[in-house]
Amino acid sequence: GFSMWQSESLSPSALRSIIRLQSRDIKNTSGIAAGYQQANVVILHKDLADDFEAFCRANSSPLPLLYRSKCGEWSCGPLATGSDIREDCPGYCVFENGVLMKKVASLSSYTPQLQDMVTFYLGCSFGFESALKAAGVPVRNVEQGKNVSMYKTSVACIRAGQFHCPMVVSMRPVPEDKLDNAAQSTHGIPLAHGGPVHIGDPKLLGIQDLSQPDYGDPVKQCPGDVPVFWACGVTGVEAVQSCKPALAFTHSPGCMFITDQKAETISPLTLEPAQCHLSFCISQNPQHYSIASKRAVQQIRAIEELVVEDPGSRGIRALFLQDELLKACLSLSHSSSVLITTGFPTHYMHNPPEETDGPPGAIAMAAMLQALRKEVVIVTDGRALEMNQHIMRDAVKKGVIKTAVPVISFQSNGPDSALHFLCHDGDPTKPRFDHLVAIERSGRATDGNYYNMRGVNIKHLVDPIDDLFTTASTIAGITTTGIGDGGNELGMGKVKAAVKAYMPNGNLIACDVAADFAITAGVSNWGGYAVACALYVLNLCPIHWRYLHSGLGLSLTPDQQSLWMACLPTVAKEEEMLHILVKYGVRSGKTANLGLEVDGLTFHPYHSDIIQQLRNLTLA
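Residues numbered from 1 in each chain as written. Predicted model: local features only at pLDDT ≥ 70, side-chain atom pairs only at ≥ 80, totals over all residues. Heavy atoms only, no water.

S.K.: I keep staring at the overall build of the chain and nothing clicks. Help me out?
M.R.: When its secondary structure is counted, the chain shows 21 helices and 21 strands. Compactness check: the chain gives a C-alpha radius of gyration of 28 Å against a globular reference of 25 Å for 620 residues, within 12% of the reference. With respect to the principal axes defined by its C-alpha atoms, the chain has extents near 90 × 50 × 45 Å. Counting across all 620 residues of the chain, residues that qualify as buried make up 59%. For the chain, the distance from the average position of its 50 positive side-chain charges to the average position of its 59 negative side-chain charges is 3 Å. (Helix = DSSP H or I, 4+ residues; strand = E, 2+ residues; numbered from the N terminus. Rg over C-alpha atoms; globule rule 2.2 N^0.38 Å. Buried < 20%, exposed > 50% of the residue type's maximum accessible area, 1.4 Å probe, protein only. Lys, Arg positive; Asp, Glu negative; His and termini not counted. Charge placed at Lys NZ, Arg CZ, Asp CG, Glu CD.)

See the structure below:
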């Protein structure tokens, strides 16, 4: 029976001999030859070989190239002694003009055609199953005696020559408390596809139903399991189908070539913080996790600690939740379109009633999001629309931000206004934005009014932008973040209990509208600067960058890095930004002074010092 082949005592060459006898006992190679590298196989005409090699190099996560044979060579000395690719897989697929014609147990009858063909051996995730087990991660498909589940995705591989196709992934259900172990133990084995490319809802990869894999068997999840997806070498099968060569062969999915090489493993104890993986849940609906290195996480926590300093002695530490900055920025990093809102008309006796806290932070976030190629739009009160458009125009002219962000307003004219504003044709399956950020934006209290810190109702000056946040909370795929420094700001409803308990006038002024993430800062602008800095840190983290791009394509270029660095807040840019606000009559919070001051603190030394310290932490 099958258990005999699973026994540790059989060497890879002994297993290949049994496979060569076309033994019925080995139907697929998952769970056998533990600790040895297995290989996906693609055999193509020599005229296509250079294109396919380029395709593998451009898409190294699904197609890690172990060996390219010479033309007409069926052995592969570097990987396995005495091997013969015509006989050594338990099953093969035969393709003619890109169509699967049949599955065969041997390619010997094709020996004449194979004289003009080149064999590619590509790493396989079966090579990391023993590393998962060693890390205490159950391998459900092996437990259930199944082949692994494999799916075509909506993620396009990077084209090379005549090859282009969607990436195929394999899925293994992993208990939530073992996600870090699963990512860590597989990352160290790049020749077996490396770490996961997606954790969470399969629909985000364009997979509609996990119980209907395109290749392999359905695998049952246990309670508390999260689906984890790795790039898969069956991508090579899709590549063959897309290119439609007259004749091509591949292994049959799950029926790998077993090599004599040990799958490389790395002891977790020796890892640097830059190599340690930490995973975080960034959305429950849809379920979505992201990954960053421990080093990036530590850096962002230091940024978060800096900006929660409280020079105004407001006691805002009581509202602080750790890692809200990190999770909000991980989510923003995955987003493609972001809506930012700001505007707190606290000075109801003045015209304009706005304060200098909010717009600088909003523009600092927008500048970094633009550099990361996100669509950004700012929404503000109708009565302040023209002024905010002028402020934006001046910010571009003075070099505070590279490209103008559209500034628009939102008016409510019926119960579906927010839905139509947020989604194309009011269709909740087609959101225009995937993340909403409110920074120092007046937020609705429990009684439906809007209060400044002194408890004065300023509802007559505020458009119902809160409706966008309450509606977003009902739409899958829109995440929200609130940034505040007092608890009366939009989004801070997440920490409402703490606002009521610890802030002056808390029971009256507390914002009732919660965001998914609530970032607390000593001054809200600092929270905006922190978001810009944390996004920079995350996108420079190779572990996060790889995950963000599903393991495809190139690593970061120095040009990208210098472009992003140029978009970080600087003391000079932020001082310029305050000059622009003062020009339009925007005043400091607390004091209503018209000058280079925010929340009653002069720009020098308070704000300039924080900005400089933020840069030091970010560029460390």
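S.K.: Teacher, can you tell me more about the state of the cysteines here?
M.R.: Each disulfide consists of a covalent bond between the sulfur atoms of two cysteine residues. All chains considered together, the criterion is met by zero disulfides. Of all cysteine sulfurs in the structure, the one in C165 sits closest to C157, which takes part in no disulfide; the separation is 4.5 Å. (Disulfide = S-S within 2.5 Å.)

S.K.: How should I be thinking about unusual backbone geometry in this particular structure?
M.R.: Outside of glycine, negative phi angles account for most residues, and trans bonds account for most peptide bonds. A cis geometry characterises the amide bond from N351 onward to P352, with omega recorded as 0°. Of note, P352 is situated in the loop between β14 (337–343) and α11 (359–371). In this structure, R373 takes a positive phi of about 65° despite not being glycine. In this structure, K590 takes a positive phi of about 70° despite not being glycine.

S.K.: Looking at this model, I keep getting lost on the pairing of strand β10 (residues 248–251). Mind explaining?
M.R.: When a strand is regular, its side chains alternate between the sheet's two faces. Here two bridges tie strand β1 (residues 36–45) to β10, and the two strands are oriented antiparallel to one another. Within β10, the position partnered with I43 by the bridge is F249. Sheet topology note: the strand β3 (residues 92–96)/β10 ladder contains four bridges and is antiparallel. In the sheet register, C93 faces β10, and the bridge partner there is T250. (Pairing = 2+ DSSP bridges.)

S.K.: What am I meant to see in the domain arrangement of the chain here?
M.R.: As a measure of interface size, the accessible area lost when the parts come together is often cited. Entries for the chain in the domain assignment read domain 1 (35–262) and domain 2 (277–567). The gap between the C-alpha centroids of domain 1 and domain 2 is 41 Å. At the junction of the two partners, domain 1 supplies 27 residues and domain 2 supplies 15 residues. Summing both sides of the interface, domain 1 and domain 2 together bury roughly 1800 Å²; the carbon and sulfur share of this comes to 54%. When the area that domain 1 buries against domain 2 is broken down by residue, the three leading residues are D180, V197 and I199, summing to 26%. Here domain 1 is connected to domain 2 by zero salt bridges. (Domains from an automatic or database assignment. Contact = heavy atoms within 4.5 Å. Buried area = accessible area lost by both parts, 1.4 Å probe. Salt bridge = Lys/Arg side-chain N within 4 Å of Asp/Glu carboxyl O.)

S.K.: Which parts of the structure should I look at to understand the packing of aromatic side chains?
M.R.: Any two aromatic rings considered together are summarised by their centre-to-centre distance and by the angle between their planes. Per the stated rule, a full pass over the model turns up 11 aromatic pairs. An angle of 50° between the planes, with centres 5.1 Å apart, marks the rings of F128 and W230 as tilted. With F128 in the loop between β5 (117–123) and α5 (129–134) and W230 in strand β9 (residues 225–231), this residue pair connects regions lying 102 residues apart in the sequence. On the basis of relative accessible area, F128 is assigned to the buried category, the value being 0%. Seen from their ring centres, W545 and W564 are 5.8 Å apart, and the 50° between their planes marks the pair as tilted. (Phe/Tyr/Trp six-rings, centres within 6.5 Å; stacked < 30°, edge-to-face > 60°.)

S.K.: How do you make sense of the environment of R383 when you look at a structure like this?
M.R.: Counting through the fold element by element, R383 comes out in the loop between β15 (375–380) and α12 (385–397). The exposure class assigned to R383 is partly exposed, which follows from its relative accessible area of 38%. Here the alpha-carbon distance between R383 and G254, two residues 129 residues apart in the chain, equals 63 Å. Looking at R383, its side chain comes within polar contact range of the side chain of E354, at 2.7 Å. Within the structure, the side chain of R383 is placed 2.8 Å from the backbone oxygen of L461, a separation counted as a polar contact. (Polar contact = N/O pair within 3.5 Å; in protein donor to acceptor, adjacent residues only side chain to side chain.)

S.K.: Please explain the environment of V571 as it appears in this structure.
M.R.: Residue placement: V571 occurs in helix α20 (residues 571–583). Look at V571 and you get buried, because its relative accessible area is 19%. C-alpha separation for the pair V571 and I610, spaced 39 residues apart in sequence, amounts to 9.2 Å. Residues contacting V571, with those up to four places away along its chain left out, are F603, H604, S608, I611 and Q612.

S.K.: Honestly, the UniProt feature "domain: D-glutamate cyclase-like C-terminal" (unreviewed entry) in the chain in this entry has me stumped. Any pointers?
M.R.: In the numbering used here, UniProt assigns the feature "domain: D-glutamate cyclase-like C-terminal" (unreviewed entry) to residues 303–615. Secondary structure content for residues 303–615 is 40% helix and 12% strand, while the C-alpha to C-alpha distance between its ends is 9 Å. (UniProt positions renumbered as here; feature names shortened; annotations may be inferred.)

S.K.: Hey, could you run me through the sheet that holds strand β16 (residues 407–409) in this one?
M.R.: Within a sheet, adjacent strands bond to each other through the backbone by hydrogen bonds, running parallel or antiparallel. Strand order in the open sheet made by the six strands is β16-β15-β14-β17-β18-β19, with parallel pairing throughout. Unpaired on one side and paired on the other, β16 and β19 (517–520) mark the two borders of the sheet. Strand-to-strand twist across the sheet, computed as the mean angle between neighbouring axes with direction ignored, equals 25°. Summarising the sheet, β15 and β16 pair through three bridges and their orientation is parallel. Opposite I378, over in β16, you have V407 as the bridge partner. Its contacts with the sheet place helix α10 (residues 324–334) against β14, β17 (435–441), β18 (479–484) and β19, and it is angled at close to 125° to β19. Seen against the sheet, helix α17 (residues 524–540) touches β17, β18 and β19 and runs at an angle of roughly 135° to β18. (Axes fitted to C-alpha atoms, helices over the stretch in contact; angles between N-to-C directions.)

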